[in-house]
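# Summary of structural features
Listed here are the chains, written in short residue letters.
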Amino acid sequence: MTAAASPTALTVVRAGALTTVQDLGRPGYAHLGVPASGALDRPAHLLANRLVGNPAGAAGLETTLNGCAVRASRPMLAAVTGAACPVRVDGRPVAWGAPVRVPAGAVLDVGAATRGVRAYLAFAGGVDVPEVLGSRATDLLSGLGPAPLADGAELPLGARPSGLTGACDVLPYGGLGAELVLPLLPGPRDDWFTPDAPRVLARGRYEVSPASNRIGLRTLGPPLERVRDAELPSEGMVLGAVQVPPDGRPVVFLADHPTTGGYPVIGVVPAAALPAAAQARPGTPVRFTPARRR
């Protein structure tokens, strides 16, 4: 380490629509009803940390659609990845997807996403809020972790790591196609639906609902018809589970999802496909395709 931690290193100038502190989450507590939480677009979060020399588990900020702005109380190194967006320091355009030096007193402004939904801000040393169950992540479902950012909030940073930063051999943002294509493994309640349900899912007549959030990606489109109308006892839910509520429109569970649920799960989207779901804007067409078991 090359510098001591600062009690207050960032002041929130503009909190944006929803900006939260996120890291790799708190897995292992589902039996207590606590979801894993953590960054929805994990590759973008990891890359932002890598660009500023942080360990993978360091906490940063996750913005939603219209970004955020923070003022630095001391010189710092930052990086923005995830959704494509303009980045400025005191009004001057700076690099996106690369390390940026922010002078003391300057405002780092992450603008509205031009593609994607969520941008990731990493700061050398990481956001050093207190851990809860081993994580600094904000969990919107359980209320664990720090509250979503508000204007005027102050955040500490940890000690700046030593070592080289800036080298990057992968793209900060892979982009999205014209539609969101999600592979789907069957079960555990696929037999509760009519035989043509997989074909309905694969036709791509769904779109991302504006009601989507960190708990789940909700869809709009044709309802899936059930062949069983019995009540289903509450059972365990996993990341990527595609639950079908009474309106018949599939919901893909994301990082803050409940650990149990009482609606049937027609399938599960593998975790590797979920970062794309995290970056799909409302109105994006959604199609589910059969996934091969490995």
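Residues numbered from 1 in each chain as written. Predicted model: local features only at pLDDT ≥ 70, side-chain atom pairs only at ≥ 80, totals over all residues. Heavy atoms only, no water.

## Details of the pairing of strand 5 (residues 76-84)
Most of strand 5 is tucked away: nine of the nine residues are buried. As judged from the six bridges shared by strand 5 and strand 10 (residues 115-123), these two strands associate in the antiparallel manner. Bridge pairing in strand 10 places Ala 84 opposite Arg 115. (Buried < 20%, exposed > 50% of the residue type's maximum accessible area, 1.4 Å probe, protein only. Helix = DSSP H or I, 4+ residues; strand = E, 2+ residues; numbered from the N terminus. Pairing = 2+ DSSP bridges.)

## Notes on the side chain of Arg 26
Secondary-structure assignment places Arg 26 in the loop between strand 2 (20-22) and helix 1 (42-51). Although buried, Arg 26 forms no salt bridge, and the nearest oppositely charged side chain, Asp 139, lies 4.8 Å from it. There is a polar contact of 2.9 Å between the side chain of Arg 26 and the backbone oxygen of Val 132. A polar side-chain atom of Arg 26 sits 3.0 Å from the main-chain carbonyl oxygen of Ala 137. Ignoring any residue separated from it by four or fewer positions in sequence, one finds Arg 26 in contact with Val 34, Pro 35, Ala 36, Ser 37, Val 132, Leu 133, Ser 135, Arg 136, Ala 137, Asp 139, Leu 144 and Gly 145. (Lys, Arg positive; Asp, Glu negative; His and termini not counted. Salt bridge = Lys/Arg side-chain N within 4 Å of Asp/Glu carboxyl O. Polar contact = N/O pair within 3.5 Å; in protein donor to acceptor, adjacent residues only side chain to side chain. Contact = heavy atoms within 4.5 Å.)

## Some thoughts on unusual backbone geometry
Across the junction of Gly 187 and Pro 188, the peptide omega takes the value 5°, indicating a cis bond. Locating Pro 188 in the fold gives a position in the loop between strand 12 (180-186) and helix 2 (197-202). Positioned with a positive phi, Leu 65 is a non-glycine residue whose angle comes to about 70°. Here Leu 65 lies in the loop between strand 3 (60-62) and strand 4 (68-72). Among the residues examined, Leu 65 registers a relative accessible area of 35% and is labelled partly exposed.

## Digging into the sheet that holds strand 17 (residues 251-253)
Read around the barrel, seven strands follow the order 12-19-16-17-14-13-20 and close on themselves; strand pairing throughout is mixed. Between one strand and the next, the sheet's axes are offset by a mean angle of 40°, whatever the strand orientation. With two bridges connecting them, strand 13 (residues 206-208) and strand 20 (residues 285-290) associate as antiparallel partners. Bridging across to strand 20, Tyr 206 finds its partner in Val 286. (Axes fitted to C-alpha atoms, helices over the stretch in contact; angles between N-to-C directions.)

## Considering the sheet that holds strand 3
Taken in spatial order, the five strands make up an open sheet running 2-3-10-5-8, and their pairing is antiparallel. Each end of this open sheet is capped by a strand with a single partner; those strands are strand 2 and strand 8 (100-102). On average, each strand axis in the sheet is inclined to that of its neighbour by 35°, with strand direction left out of account. The sheet contact formed by strand 3 and strand 10 spans two bridges and is antiparallel. Bridging across to strand 10, Leu 61 finds its partner in Leu 121.

## Focus on the packing of aromatic side chains
Overall, the coordinates contain one aromatic pair when judged by the stated rule. For the pair Tyr 206 and Phe 288, a centre-to-centre distance of 6.5 Å together with 80° between the ring planes defines the contact as edge-to-face. Highlighted residues: Tyr 206 in strand 13 and Phe 288 in strand 20, separated in sequence by 82 residues. By relative accessible area, which is 2% here, Tyr 206 ends up buried. For Phe 288, a relative accessible area of 2% gives the class buried. (Phe/Tyr/Trp six-rings, centres within 6.5 Å; stacked < 30°, edge-to-face > 60°.)

## Remarks on helix 1
Turning to helix 1, its buried residues number three or more, namely Ala 44, His 45, Leu 47, Ala 48, Asn 49 and Leu 51. In this structure, the buried side of helix 1 is in contact with strand 2, strand 3, strand 5 and strand 10. Positioned one or two residues after helix 1, Gly 53 has a phi angle of 85°, which is positive.

## Considering the nonpolar core
Leu 182, Leu 217, Leu 224, Val 252, Ile 266, Val 269 and Phe 288 are the most contacted members of the largest nonpolar core, which has 31 residues in total. Of all the secondary structure elements, the ones that give two or more residues to this core are strand 12, helix 2, strand 13, helix 3 (274-278) and strand 20. Beyond its immediate chain neighbours, meaning those up to four positions away, Val 252 contacts Leu 182, Ile 215, Gly 216, Leu 217, Gly 240, Ala 241, Val 242, Val 269, Leu 274 and Phe 288. Leu 10, Ala 59, Met 76 and Val 102 belong to the second-largest nonpolar core, a separate cluster that totals 30 residues. (Core = buried A, V, L, I, M, F, W, Y, C linked by side-chain atoms within 4.5 Å.)

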